[in-house]
Amino acid sequence: MPEPHSPTSLPLSRRRLLQASAVGLAAAGTWSALGVRSAHAADAYDTLRLRWQAMLTGTGFDPAAQPFATALGALGERARAQQAAMAPTAGSLWPDLPLGTVSANITSSYLRLRTMALAWARPGTGSTSDAALATAVTTGLDHLHAIAYTPTASNYNNWWDWQIGSPQALLDICVLVQPMLGATRIANYCAAVDRSVPDSKVAAYTGTSTGANRVDLCRVLALRGVVGRSSAKLALASSALSPVFPYVLTGDGLHPDGSFVQHTWVPYTGSYGEVLLGGLSKLFGLLAGSTWAVTDPQRQTVFDAVDSAFAPFLYNGLVMDSVSGRAQSRGLQSGDALQLQQDDHGRGHTIIGHILRLADSGAAPAAQSAAWRASVKGWIARDLYRPYLTDAAVDIPELARAQALMNDSATGPAAEPAGARVFAMDRAVVRRTGWAASLSMCSARTTFYETGNGENLRGWHTNNGLLSWWGSTFGNGQYSDAFWPTVNPYRLPGTTVSTKPLADAAGGAWGAARPDNTWAGGACDGTYAAAGQAVRGLSSTLSGVKSWFLLDDSVVCLGAGIACADGVPVETVVDNRNLGATGQHALTVDGAAQPTSLGWSQRFTGARWAAVAGFGAYLFPGGATVDALREARTGSWHDINGGGTAEALTRRYLTLWFDHGTDPTAADYSYLLMPGADAAAAQARSAAPTVTVLANSATAQAVSDSASGVTAANFFAAGTAGPITVSAPASVLVRESGGTMTVAMADPGRTASTVQVTVARPGYRTADPAPGVTVLATGGSVTLLAELGGTRGASRTVTLRATGTAPAPATATRLEPTQDAYVRDGSYGDTNYGTATTLTVKNTDSTGSGFGRRALLAFDTSGVSGTVRRAVLWVRGAVADSGGTQTSLQAFATTPDSWTETAVTWNRSPGPTTALGTGPVSTAADWVGLDVTAAVATGGPVTLAVWQPLGAVGLAVNLNSRENTAFRPHLELITS
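Since the structure is predicted, the reported quantities are computational estimates derived from the model, not experimental observations.

1. Examining the overall build of the protein
So, point 1. Scanning the protein from terminus to terminus reveals 18 helices and 46 strands.
So, point 2. Relative to its length of 976 residues, the protein is compact, with a C-alpha radius of gyration of 30 Å against a globular reference of 30 Å.
So, point 3. Principal-axis analysis of the C-alpha atoms places the extent of the protein at approximately 90 × 80 × 55 Å.
So, point 4. Taken over 976 residues, the protein has a buried fraction of 61%.
So, point 5. A fraction of 73% describes how many contacts in the protein between residues 6 or more apart in sequence connect residues 24 or more apart.

2. Remarks on the environment of S308
So, point 1. Mapped onto the fold, S308 is located in helix α12 (residues 300-310).
So, point 2. In the structure, S308 is positioned 49 residues away from S259 in sequence and 8.2 Å away in space, judged by C-alpha atoms.
So, point 3. Setting aside residues up to four positions removed in sequence, S308 forms contacts with D257, G258, R421 and F423.

3. Describing the confidence of the model for the protein
So, point 1. Here the protein averages 94 in pLDDT, while 96% of its residues score no lower than 70.
So, point 2. Segment residues 1-41 is flagged for pLDDT under 50; beyond a separation of four residues in sequence, or across chains, it makes 153 contacts in the model.

4. Structural notes on unusual backbone geometry
So, point 1. Residue P67 is reached from Q66 by a cis peptide bond, and omega for that bond is 5°.
So, point 2. Positive phi, close to 55°, is recorded for D845, a residue that is not glycine.
So, point 3. By secondary structure assignment, the location of D845 is in the loop between β38 (838-841) and β39 (853-860).

5. A few points about the packing of helix α5 (residues 104-121) against helix α6 (residues 131-147)
So, point 1. Packing of α5 against α6 brings their axes to within 9 Å, and their N-to-C directions diverge by 160°. Considering their axes alone, α5 and α6 lie roughly antiparallel with respect to each other. For the pair α5 and α6, the sense of crossing is left-handed. Across the interface between the two elements, S109, Y110, L113, M116, A117, A119 and W120 of α5 pack against L133, A134, A136, V137, G140, L141, L144 and H145 of α6.
So, point 2. Here the contact of α5 with α6 is composed, by residue class, of twelve nonpolar, three polar and no charged.

6. Details of the sheet that holds strand β5 (residues 266-267)
So, point 1. Read across the open sheet, the three strands follow the order β3-β4-β5; overall the sheet is antiparallel. Single-partner strands in this sheet number two, and they are β3 (253-254) and β5.
So, point 2. Two elements, β3 and strand β4 (residues 260-262), share two bridges in a ladder whose sense is antiparallel. For G253, the partnering residue across the bridge sits in β4 and is V261.

7. As for the pairing of strand β44 (residues 941-947)
So, point 1. Here β44 lies mainly inside the structure; six of its seven residues are buried.
So, point 2. As defined by bridge partners, β39 adjoins β44 across six bridges and the pair is classed as antiparallel. Paired with D860 across the bridge in β44 is P941.
So, point 3. Sheet analysis places strand β41 (residues 886-894) next to β44, joined by four bridges and oriented antiparallel. Bridge pairing in β44 links A893 to L944.

8. Notes on the packing of aromatic side chains
So, point 1. With the rule as written, the count across this model stands at 24 aromatic pairs.
So, point 2. Measuring from ring centre to ring centre gives 5.0 Å for Y479 and F483, while their planes differ by 85°; the resulting arrangement is edge-to-face. One exposure class covers both Y479 and F483, and it is buried.
So, point 3. A network of ring pairs unites the aromatic residues W470, Y479, F483, W484 and Y653 as a single cluster.
So, point 4. The ring of W94 has R112 sitting right over it, with the charged end atom 5.3 Å from the ring centre.
So, point 5. Seen from the ring of W265, R514 lies directly overhead, with NZ or CZ sitting 3.5 Å from the centre.

9. Quick look at the pattern of salt bridges
So, point 1. All told, the structure shown has 42 salt bridges when counted by the stated rule.
So, point 2. For R347, the salt bridge identified is with D321, shortest N-O distance 2.7 Å. On the criterion of sequence distance, the pair formed by R347 in helix α13 (residues 344-361) and D321 in the loop between β7 (318-319) and α13 is long-range, its members being 26 residues apart. Here R347 and D321 have matching classes, each one buried.
So, point 3. Counted as one network, the salt bridges with shared partners bring together R357, D360, R373, E398, R401 and D408.

10. Some details on helix α8 (residues 182-196)
So, point 1. Here α8 spans 22 Å end to end across 15 residues, near enough to the 21 Å set by a 1.5 Å rise per residue.
So, point 2. Those residues of α8 that fall on the buried side of the exposure criterion are I186, Y189, C190, A192, V193 and S196. Each buried residue of α8 sits inside an arc of 155° when the element is viewed along its axis, so together they form one side. Turned more than 90 degrees off the buried face of α8, the exposed positions are A183 and T184.
So, point 3. Packing partners of the buried residues in α8 comprise α6, α7 (159-176) and α9 (211-227).

Scoring rules and cut-offs
- Residues numbered from 1 in each chain as written.
- Predicted model: local features only at pLDDT ≥ 70, side-chain atom pairs only at ≥ 80, totals over all residues.
- Heavy atoms only, no water.
- Helix = DSSP H or I, 4+ residues; strand = E, 2+ residues; numbered from the N terminus.
- Rg over C-alpha atoms; globule rule 2.2 N^0.38 Å.
- Buried < 20%, exposed > 50% of the residue type's maximum accessible area, 1.4 Å probe, protein only.
- Contact = heavy atoms within 4.5 Å.
- pLDDT = per-residue confidence, 0-100.
- Axes fitted to C-alpha atoms, helices over the stretch in contact; angles between N-to-C directions.
- Parallel < 35°, antiparallel > 145°, perpendicular 65-115°, else oblique.
- Left-handed = near helix turned anticlockwise from the far one by under 90°.
- Nonpolar A, V, L, I, M, F, W, Y, C, P; charged D, E, K, R; others polar.
- Pairing = 2+ DSSP bridges.
- Phe/Tyr/Trp six-rings, centres within 6.5 Å; stacked < 30°, edge-to-face > 60°.
- Lys NZ or Arg CZ within 6 Å of the ring centre and 35° of its normal.
- Salt bridge = Lys/Arg side-chain N within 4 Å of Asp/Glu carboxyl O.
- Expected span 1.5 Å × (residues − 1).
- Arc of directions from axis to C-beta.

As structure tokens, this is what we get:
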């Protein structure tokens, strides 16, 4: 069972170590460790060791200046307290951390020693160069080596402590106090690391050796190589990073659209993604210019991910909880000696520090690094809730680097970008000048929520439509201020839930609980978006559909077809505002101020708008029955996280919701969220609405907005809504402005190869070229064919114009195979597989192995007239091979040999000739579109082969055949 982690699960690990020497410089004023030590570097290993010291300690700061002086003094106090409490016995190093059954106690023991090493090494701690403290550190290291983390220890409890947590702390200490250790100790400690982290841990990219975990393992190997002076370990650490860089199509890692997933099912940019980015930024810098430098050209994907994966979820210094998994439940941990709360701002500050470190490392292209520095300066400048430069959780190296950036007049702060994004990991983000919002959905591809290790025990409904939002200058502490331990977990803002009571950790650990729906996602043109979700309930019969339309100053929220048979009420939560410990923010409904007393509740019938002072407003088109409640709620971090503190926390909430009643059969709702709007703005917009709801049913939800020119619809079945008609389930967003019309189309359910979209808008004549989109007709309406298979839910976008000469109309024709089969080489060369429900393909790049297989598909184009403009062979399937998770398929023209489905074999089959289109395929079943235009003409039969690129070893892929009951292969022809 993988044990997910982030450095915030071990609070002390967020306090980076400072360099061991350079005390003399401290007296001179500025701490510049690298400058002092580099002169003494005797060889490449010393160079790297000193570079790591500098990276851990920071440079260019004055230890006598604030906030450094206070931090150094506090460090010294903690170290002396830990030194005094240390009492080596046969079963522990500290009495409160018994060793032998709980592996986290080994890691915690090393972390305490690391704190002591810091206080010895750093200037200004009050214990700098203290001999007794140094002896305590080495005594502690020897004791742990003798009884806990040994070269012969049998690992127990949590793998992460043995392979990552403990060795990282141990090796950092070795770097800090290296002059105190000697060759024998270093050899002993390295042997212990080798026992738990042998080279085999990075031999295969699988299990717990993927994504962020792989980067952490490589960090251990690299530092083991530095401390133990092993070129082989350093070379392995560098090369073993390579599997992290390529984009993945499913599961753990960076996805092409900017999604980041860990534990297969969990969007984790803000936690595991943070670990990955932090580790890579350090390793790139550590190894730069050395024999072991990371030179894999695919490392560029990491640089690109700063903008595509991380920046979209950073806002005013925080990282959105929607991509932090169970980390949102950590808050105050009882074992954290610093008692620093872990929350969205803290996690955001950590990521910002990584980005700035990467920018300053020189590893990335100069233009990207400069842009990152500007972005970081903007995020820091706009974080008014918890200023970065006074955050006690920001490590001194990062603090010094940020302080230097803020003092750099040559770099200006980048403004907050506006726009919208919909991600394949069932997340969406919208950013406007005055606010930002994130949306959390789930599907068969993503979990309801993640729990594990006793964490996030009540996050049951966080992905059933949680709509989180922040203002540019308000509400930035909405989820930081004890929200998660005190909020009603059945009333998370934006969600539709059954109020059926659920047990802590219901559904299972590590993202095991996933709904069966596949429709989640939406269409996006980069500025606006239509997002939606087919809702299912955790351990519940709840079902329905929800949509969100992300516009200029509002989010339109629709729900329909809501049904449940749990025997309890079903609710949709309009919002649940955290008012803080004493907040009395006024609620105004239809112009009438409501009481501010705790315990007040009211049902409003026919309400048209409501506003919460200091936050925003809500419109209810046509009037709605809305319930409201003011309450104080008390909870503790321990309630939702086993490691949390038990201190009782109380926060006030103002909740607005729709009560759909017990066991509804077809409930619906509609409302608009207007972040930052006051009562006057809400009243004015209600009196003169710009948004019209065009459809709100279980099959389609659609709106039009006169202010932006946007018309958008989510179709859960083929049909029509407003001016938009689709041939299959899809999401469509249309924007009209000044003689142009942009149409974005997506298939959130990932079931269609192509979708025909008609927009009943006259006057548009020409279209800009757009990959994957064919304009079939213009004039009285626009008809498009969007190739959506294999896009993993991403949008295809085309822009049409009212100018120019309209092209001749085109026709789309879908042909089913007249026959198909796969053939197999070697001893199976005379075996027929013509009636199988799957077509298996694999190129072994060998002759007669018995594992080589390719597919043949025949089509009859005699009934199709005209000239072929485009021909795409669509096949659907997935990798089924223990050797990997993704590969490529390729189509081929074939020799003109005759064949029959029930007789064809490898030894008697048409051979592949001209190589045609290729497409990726992974372990997640999906469509693959192969461009075969060059081999297809109308008026007769055609045989196509599907295999894998020649000269390369592929993976076995199972494709649905024409004998299958669903997702059969077909040939899509565009003719004119």
